[in-house]
Amino acid sequence: MSEKPTVLVAGYFDMMHSGHICFFEEAAKYGRVIVSLGSDENSLQSKGKKPVFSEEERQYMVESIRFVEEALV
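Description of the structure in this document.

Thresholds, definitions, all that
Residues numbered from 1 in each chain as written. Predicted model: local features only at pLDDT ≥ 70, side-chain atom pairs only at ≥ 80, totals over all residues. Heavy atoms only, no water. Pairing = 2+ DSSP bridges. Helix = DSSP H or I, 4+ residues; strand = E, 2+ residues; numbered from the N terminus. Right-handed = clockwise from strand over helix to strand, strands pointing away. Core = buried A, V, L, I, M, F, W, Y, C linked by side-chain atoms within 4.5 Å. Buried < 20%, exposed > 50% of the residue type's maximum accessible area, 1.4 Å probe, protein only. Contact = heavy atoms within 4.5 Å.

1. Focus on the pairing of strand β1 (residues 6-11)
- Where β1 and strand β2 (residues 32-37) come together, six bridges link them in parallel fashion. Residue pairing across strands places valine 9 opposite valine 35, the latter belonging to β2.
- As for the winding sense of the linkage, the β-α-β connection from β1 through helix α1 (residues 18-28) to β2 is right-handed.

2. With respect to the pairing of β2
- When β2 meets strand β3 (residues 70-72), the two strands line up parallel, connected through three bridges. The residue of β3 that forms the bridge with isoleucine 34 is glutamate 70.

3. Here we look at the nonpolar core
- One finds Val9, Phe24, Val35, Val62 and Val68 to be the most contacted residues of the largest nonpolar core, which totals 13 residues.
- Among the secondary structure elements, those contributing two or more residues to this core are β1, α1 and β2.
- With three residues, the top contributor of residues to this core is β2.
- Not counting residues up to four positions away in its chain, the partners in contact with valine 9 are Phe23, Phe24, Ala27, Val33, Ile34, Val35 and Ser36.

4. What to know about unusual backbone geometry
- If you check the backbone angles, phenylalanine 13 has positive phi at about 50° while not being a glycine.
- Mapping phenylalanine 13 onto the fold places it in the loop between β1 and α1.
- Located in the positive-phi region is methionine 15, a residue other than glycine, with phi close to 55°.
- You can see methionine 15 is positioned in the loop between β1 and α1.
- What makes methionine 15 partly exposed here is its relative accessible area of 46%.

Below you can see the structure in the form of structure tokens.
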């Protein structure tokens, strides 16, 4: 039995759009997709602004995508 490899992708994925979905779909061709979501605080520090959607909302939306196995903030 061979397990699929794990594919880790990272980003804020704020203002979800079709490009994000295509990205997850492509990543899923290589294995189980785990998403590392940037936190609201990290966005504030690195970009100087909070995301439009909260980290909880973004996590819920990303985990709702069929190509994603898990999303972690």
